[in-house]
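Survey of secondary and tertiary structure
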Amino acid sequence: MEKKTVLTKIGIPRAMSYYNNFLFYYGFFKSLGVEVVLSDKTTTATINEGTKYVVSDTCFPIKVYAGHVINLLNKGCDVIFVPSIQSTGYKVNNCSKIRGLPEIIRNIINRPFIMIEPTLDKTENIGLYDFCKNTACQLGITDTKEIKKAMDAGWEMYNSFMEMTKSGISYNEALNNALNGKFVKKSVDIVKPLSVVIMAHGYNLFDERISLNLIKKLEKMGVKVYTSLNISREQQQEALKKLGEIQYWANELELTGCAAHYLLNKKVDGIIALSAFGCGPDSLMVDEISHHCKEKGMPLIHLTIDEHTGEAGFITRIEAFVDMLMRKKRNTLIQNAKPKAKADIINIKKEKILTGSAK
Amino acid sequence: METEQKLAEKEIKIRAKDRIIAWPRMGRIDIPLKALVQSLGAKVVIPPANSNEALELGVRNSIEGICLPYKLNLANYMMALDKGANTLMMFQAPGSCRLGNYTKMAQKTLKQMGYKFDMVIFDMYKSKMVQTLQAFWHVTHCLNPYCYYKGFSLGFNKLFAIDTAERLLFYTRPRELNKGDAEKCYHKWLKIADETNSVRKAKRLKKQVIEDFKKIPIDKDKKVPKVYLIGEFFVLLDPYTNQNIEKELGEMGVEVQRQIMFSDWLEHVLKPSIFYKKESHRERCVKYAKKYMKRAIGGECIETIGDTVYAAKHGIDGIIHISPFSCMPEIVAQNILPKVSKNENIPVLSLVLDEQTGKAGYITRIEAFIDLIKRRQQKYAI
Ligand code: SF4
Ligand code: SF4
């Protein structure tokens, strides 16, 4: 029997599941002795390249993904990791496009390359161990002990990354620290006048080109930003349950769970939903949350992005939202500060403030 | 837990004999399902066929990003409730796509509008004969096994008869000598099937349909291009959404073959797999799609790809692939199809349907595609 040679290098596109799971992947491959090559950060060129390969109705992140695969191929890396994450719990399925990522890539790119395409499908009892084993087998590694060890290494990196982000360290910083084996925790929380939570998929939010640097923009406006990385999965699950909803999508917690958590603990002044234009699951999730927001009087804005989104219009919308939050906060502060007897006067004041800024 | 309890309270309120049942329109399912439910002693309301009015109603009451089938289903529910229904049935298959989320959303939306009703969900994930029976029992509280026997055999026989009629219609329409004969015959049998009320007669239906279609004068030697119609389940089965594409094609002199038939699907869903003698449609698709797809990804994506490959290997001249706008599994299929089309040497036309699809442009595209197929045929004939 011909024995497969062991592959020693693997390319990971810097898109889709990279943003949530990279540290696990990295720790895993490193422990197996496989070198990890990343594609370059998303640029407009990446997007244009990717757009050429997929049909135009496909959502934005998938176009970007295709661009990253091409980028890796151009770099001369011809072993590419394209996982299919079908479901993360019994009947908790992902969006079809995430499930069929390898199927899409296989059929749109007509260049020779090896695709490492493991499946994670808990509905069919294909768990993480099978996922990892399958990955390793495709690379030519079959020693189960080694695989288990690699999984532990992956978890270790992932957990230290999550610990850091949960303490409030930014995505990039935590990523770099984890890669360099450093562990830093933030002890004091900077208090800012306003805070918001962004509900979005990691691959939309943490890709600075896709999200048009949303987090930085908000921080510049003096807004404290919370993301799904600041809380644990369990907290998200719990919050969602408390809200009376069930998890339907595999990738839903980073949106609904996260929003539910901050909606219930009232730590934020507003919610920003960021999703790709035409994304099926997201439109349902945002709708679900916006129902609850209406009930609880929490402001929510839904921003959709695609390859044509202009930066100027995007900023205007964020600014308008932040302004609105600011006004609202001021009003409630005034109202709470004064005793009730003077309620009439305050109402007049409030009106003035409102009309004043509307002009 | 809490919601379950609430639901349970509700159920008590609607007594079995007061139930008036409705379900969304899905192809011709209303005829057999009506027979079944009525045999179990419940009343039925059939919502009016999908139309512009229904669509508008659905669009107005649902969020923008959701797919067309949901909008129409919602409109069906509303219309049925307006006509007096108090129990809604929904088929759910959470393995596949947004369909599973539909019920939850529809329920919420309808409640917000102030409707009062009970929703019974038929979970069709994998074979679930027992659960299905339970659900039927739950709606009707019928305990008489004879009624079940009668209901199911009426239902299935009607279903098979209608499917047969449909297949014959596809075959006869492009070949008929007097335009409109096949269509008339088909509608006649739909009506008869609907009115049949005894098992004995229902069992004969299929045979009678075949005989009757044989009587229609046709041009047997006519060279008719054959086209497979594939895509998303709902738009395939709903003539309003697909703008009656089957009829249009038939009138252009094209024989349509549709692989997704309701009876196949139902059989696949209801029967435990050990009862299967022949290879199911799905299994065949998985086999044929292997070169392009290694896993099912929800919806009808793998069927789409598998059927295309199968068609190319079995003398079909072209593929028309239809899907609703923003349909996720079918977008994946659209990405895969160009390669399949090239490798297997079969022309494919992908049509995306949304609220604004204009009929004129749609027909032009189909005509151009059929021309292409005919030219190819001539080329290969030489
Ligand atoms: S969840 Fe939305 S953005 Fe993500 S792949 Fe699916 S459709 Fe695209
Ligand atoms: S298969 Fe397509 S149309 Fe059906 S629920 Fe899914 S996205 Fe909607």
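About the thresholds
- Residues numbered from 1 in each chain as written.
- Chains lettered and ligands numbered in written order.
- Predicted model: local features only at pLDDT ≥ 70, side-chain atom pairs only at ≥ 80, totals over all residues.
- Near = placed C-beta within 6 Å.
- Helix = DSSP H or I, 4+ residues; strand = E, 2+ residues; numbered from the N terminus.
- Nonpolar A, V, L, I, M, F, W, Y, C, P; charged D, E, K, R; others polar.
- Domains from an automatic or database assignment.
- Core = buried A, V, L, I, M, F, W, Y, C linked by C-beta atoms within 7 Å.
- Buried ≥ 20, exposed ≤ 12 C-beta atoms within 10 Å, placed from the backbone.
- Contact = placed C-beta atoms within 7 Å.
- Pairing = 2+ DSSP bridges.
- Expected span 1.5 Å × (residues − 1).
- Bend = angle between axes of the 7 residues up to and from the residue.
- Arc of directions from axis to C-beta.
- Axes fitted to C-alpha atoms, helices over the stretch in contact; angles between N-to-C directions.
- Left-handed = near helix turned anticlockwise from the far one by under 90°.

Quick word on the site of ligand 1
As a structural note, the neighbourhood of ligand 1 is formed by 13 residues, with Cys59(A), Cys95(A), Lys97(A), Ala276(A) and Cys279(A) the closest of them. Proximal residues around ligand 1 fall on chains A and B, making this an inter-chain site. For the shell around ligand 1, the elements supplying multiple residues, two or more each, are helix 3 (60–74), helix 4 (96–99) and helix 13 (280–296) of chain A. Considered class by class, the residues forming the shell around ligand 1 number nine nonpolar, two polar and two charged. A domain split of the shell around ligand 1 shows at least three residues from each of domain 1 (9–166) and domain 2 (189–358) of chain A.

Overview of the nonpolar core
Of all hydrophobic cores here, the largest spans 189 residues; its most connected members are Val197(A), Ile198(A), Met199(A), Ala259(A) and Ile305(B). Ignoring anything within four residues of it in the chain, the contact list for Ile305(B) reads Ala289(B), Tyr292(B), Met293(B), Ala333(B), Ile336(B) and Val340(B).

Concerning the interface of chain B and chain A
Taken together, the contacts link 29 residues of chain B with 23 residues of chain A. Where the side of chain B that touches chain A is concerned, the elements lending two or more residues are helix 5 (99–112) and helix 15 (328–344) of chain B. Here the side of chain B that touches chain A takes eight residues from helix 15 of chain B, the largest share from any one element. Split into classes, the residues belonging to the side of chain B that touches chain A amount to 17 nonpolar, nine polar and three charged.

Quick word on the pairing of strand 8 (residues 194–199) of chain A
Bridging between strand 8 of chain A and strand 9 (residues 223–226) of chain A involves four bridges; their strand directions are parallel. Bridge pairing in strand 9 of chain A links Leu194(A) to Val223(A).

With respect to helix 9 (residues 199–214) of chain B
Residue and element names in this part refer to chain B. Compared with the 22 Å implied by 1.5 Å per residue over 16 residues, the 24 Å span of helix 9 between its first and last C-alpha is a close match. Approximately 40 degrees is the largest bend angle found in helix 9, and it occurs at Leu 205. Residues of helix 9 that are buried include every one of Ala 202, Leu 205, Lys 206, Val 209 and Phe 213, and no others. Contact partners of the buried residues in helix 9: helix 7 (145–172) and helix 8 (181–195).

Some remarks on helix 8 of chain B
Residues and elements named next belong to chain B. The first and last C-alpha atoms of helix 8 sit 21 Å apart over 15 residues, in line with the 21 Å expected at 1.5 Å per residue. Of all the positions in helix 8, only Ala 182, Cys 185, Tyr 186, Trp 189 and Ala 193 are classed as buried. The arc that holds every buried residue of helix 8, seen down its axis, measures 100 degrees, which confines them to one face. Pointing more than 90 degrees away from the buried face of helix 8 are the exposed residues Lys 184, His 187, Lys 191 and Glu 195. Buried residues along helix 8 sit against helix 2 (30–39), helix 7 and helix 9.

Quick look at the environment of Ala182(B)
Residues and elements named next belong to chain B. In this structure, Ala 182 sits in helix 8. The exposure class of Ala 182 is buried, given the 24 C-beta atoms found within 10 Å. For the pair Ala 182 and Thr 172, spaced ten residues apart in sequence, the C-alpha to C-alpha distance is 6.2 Å. Non-local contacts of Ala 182, meaning those with residues more than four positions away in its chain, are made with Leu 169, Thr 172, Arg 173, Glu 176 and Ile 216.

Concerning the packing of helix 1 (residues 18–32) of chain A against helix 7 (residues 144–166) of chain A
All names here are of chain A. Running from N to C, helix 1 and helix 7 point in directions that differ by 145 degrees, and their axes come no closer than 7 Å. Considering only the axes of helix 1 and helix 7, their crossing is right-handed. Counted together, Leu 23, Phe 24, Tyr 25, Tyr 26, Gly 27, Phe 28, Lys 30, Ser 31 and Leu 32 of helix 1 and Glu 146, Lys 149, Ala 150, Met 151, Ala 153, Gly 154, Trp 155, Glu 156, Met 157, Tyr 158 and Phe 161 of helix 7 form the full contact between these two elements. Split by residue class, the contact of helix 1 with helix 7 holds 13 nonpolar, three polar and four charged.

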